[in-house]
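This is what each chain is made of:
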Amino acid sequence: MPERARKANGNGHERAAAAVRAFWSGTISFGLVSIPVDLYAAIRPRRKSMKLVDEEGNPLGRRYVCSKEGKALDNDDLVRGYEIDSGKLVVIDDEEFDSMAPEVSRDIELRSFVPFEQIPPIYYNRPYFLAPAGRSSKAYHLLSAAMERSGRVAIGSFVMRGREYLVAILSENGVLRAETLRYADEIRVPKAVGLPKRAKANAKLVGALLKEIKTLRKDRLDLAELEDREAEALQTLALEKERKHQDVIEQYGLEEEAPEGGAQVVDLMDVLRKSLSKRASVASAERALADSSSRSPARSHRKRNGNGAQRDRTKTTRNRSRLKQSSRSELQKLASELHIAGRSKMDKPALVNAILRAG
Amino acid sequence: MSRAIWRGSLRLGRHRVPVKLYSAVEDRTVHFRLLHIKDRAPVEQRIVRKDTGEEVSKEDRRKALPVSRERAVILRPGELTELEPPASRDIDLCRFVARDALSDQWYDRPYYLGPDGNSAAYFALVEALARTDSIGIARWVMRKKRYVGALLLQDGYLVMSTLRRADQVLSFSGIEPAKSAKPKADELKLAEQLVSSIAEDFDPTAWHNEYRQRVCALIDAKARGKKLEPVKPKRRAARGDLAANLRASIAAAREKRVA
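Owing to the predicted nature of the structure, the values given are computational and were not obtained by experimental measurement. (Residues numbered from 1 in each chain as written. Chains lettered and ligands numbered in written order. Predicted model: local features only at pLDDT ≥ 70, side-chain atom pairs only at ≥ 80, totals over all residues. Heavy atoms only, no water.)

> An account of the environment of A:Val90 is needed here, citing residue identities and associated values.
Relative to the helices and strands, A:Val90 resides in strand E7 (residues 89–92). On the accessibility criterion, A:Val90 (5% relative accessible area) is buried. Setting aside chain neighbours within four positions, we find A:Val90 in contact with A:Arg80, A:Gly81, A:Tyr82, A:Ile84, B:Ile219, B:Lys222 and B:Ala223. (Helix = DSSP H or I, 4+ residues; strand = E, 2+ residues; numbered from the N terminus. Buried < 20%, exposed > 50% of the residue type's maximum accessible area, 1.4 Å probe, protein only. Contact = heavy atoms within 4.5 Å.)

> Lay out the environment of A:Leu268 with the relevant residues and their values.
Residue and element names in this part refer to chain A. Mapping leucine 268 onto the fold places it in helix H7 (residues 268–275). On the basis of relative accessibility, which here comes to 0%, the residue leucine 268 falls in the buried class. When the C-alpha positions of leucine 268 and alanine 280 are compared, they lie 9.9 Å apart, and in sequence the two are twelve residues distant.

> Talk me through the interface of chain B and chain A; I want residue IDs and the actual numbers.
Counting from both sides, the interface comprises 163 residues of chain B and, opposite them, 180 residues of chain A. Between chain B and chain A, the buried area comes to about 16,700 Å², and carbon and sulfur atoms account for 61% of it. Among the residues of chain B in contact with chain A, B:Arg69, B:Phe172 and B:Trp207 are the three that bury the most area, contributing 6% of the side total. Across the contact surface, chain B and chain A share 18 salt bridges. The partner of B:Lys222 in a salt bridge is A:Glu96, and the shortest N-O contact between them spans 2.9 Å. Counting across the chain B and chain A interface gives 59 residue pairs in polar contact (both at pLDDT 80 or more). Looking at the side of chain B that touches chain A element by element, the count peaks at eleven residues for helix H2 (residues 120–132) of chain B. Tallied by class, the residues present in the side of chain B that touches chain A amount to 85 nonpolar, 27 polar and 51 charged. Here strand E15 (residues 281–284) of chain A runs beside strand E12 (residues 170–173) of chain B; their pairing, made up of four bridges, is antiparallel. Considered in E12(B), the bridge of A:Ser284 is made with B:Leu170. (Buried area = accessible area lost by both parts, 1.4 Å probe. Salt bridge = Lys/Arg side-chain N within 4 Å of Asp/Glu carboxyl O. Polar contact = N/O pair within 3.5 Å; in protein donor to acceptor, adjacent residues only side chain to side chain. Nonpolar A, V, L, I, M, F, W, Y, C, P; charged D, E, K, R; others polar. Pairing = 2+ DSSP bridges.)

Below is the structure:
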């Protein structure tokens, strides 16, 4: 893992292993076999997402106000209206929305199985993990194994929060994932965009470009190329100001925040350990790569010949993962041995960071 | 004809391919306005202090970045401006990998690239990308924001899809089903048969957003003062033994195929 990423992870706001939102519960129907599942986000927001505050650091939020009465409104006071051409509003209430999607909203019916490579990436929209929700996860594992063996993914559709989604369900390492897909009418075709007709390419130029591509070509992607430099820069600035006690908001109370759209925030790790396997572990792509490379022979070879700094970084990774598995009280004990100030107010990630810094 | 949203130049070694960016996605969402249920007046959004409900004007709003669970640090507008990347029209192609090196989880938003001016370089790059069966990884700055993207081909044209960042994409390991949940050999065989009985090629045009169509029909009917019949619920799936259900499903799929 590159220095820059390590630094950002080591000093930055350590996020819970996989705190994600739970979105939907329903059933996958695979022929006559029903598989109850829960749907969780498979991506996290970027670390650069900022909160709105006023000059003193008081948290701000949105409030809906009636344009006629100027009165603040609750969610129960709201209804949706569609403006038709005449300028008139057609009001549609929740019941009417529901009547448009009765039981289908609880069902993902798998209607065909297609080779995954036939779905162009332009269709990919948003990935979710599916965890078995029923008493038995047998049918879940069955579908997963059958898809992995056939090399195909399932296509179906379902309704979630007032929208219908086309979805590809795929299996990877024994876990089912749902990638929502764009509908064909949501994708423009080159002709409609106005792209010119294909022209014959100049062979000499093609040759020159091929040569450039080959020098830059690798079998695997180095995830350092996909790291979030913008978020890192923001984190670095924020931490620097925190050290200097500039513009710091204490007791900000992130946890109290009402989750967007009412989706519950859960730890994916807990969910999967309970429903799938005790040994399940979740990592961001970045961390997964760091963990696997610290185990690989190539890495340990480099470590032997490498400099001290590299050794230290590897040690920190190990300590961090070990610390993260400890309970809060264990961490508190360790923090008290290290005389870390303010330890009683720290949560787990903050304790891990403080201990690493002190050690 | 769509309007280009940005112009830039793909850089590959000492070569440059001037391109225009077009959105590849068309928003088909039915957009509703939020209304007050009582008087049907449109709703306005205000930004208020969470504790007092007091409105806060735009000049008095700040952004804060959380640094731990309880602490956040205010980043002032000037500080944020300083972090803005320098403006540039360059789209740097820094890596090429096999087409399947990136899973679906990475892809965010696709844009078509079209030639800007001379199209010879553009179509040469299309050809080179097709011959190596690879995708390019690119970095660029657009409207003061940094982007990472994957350069790929779609219908013989270049597409740039923005990518999510390494820290966002989650993956799993160590999944091994409990013994009791492991499928039996005969069940697995039946499941594979069921998969192959409804195996097809991917045909996106076969799928329609039925819910969206129904909502549009409902709006239409209501605008004309008519009512719409609610959609009938589907039959429930059968209950019973896993293997028996699989067998019945395969039989049903075969029947459908013959018919």
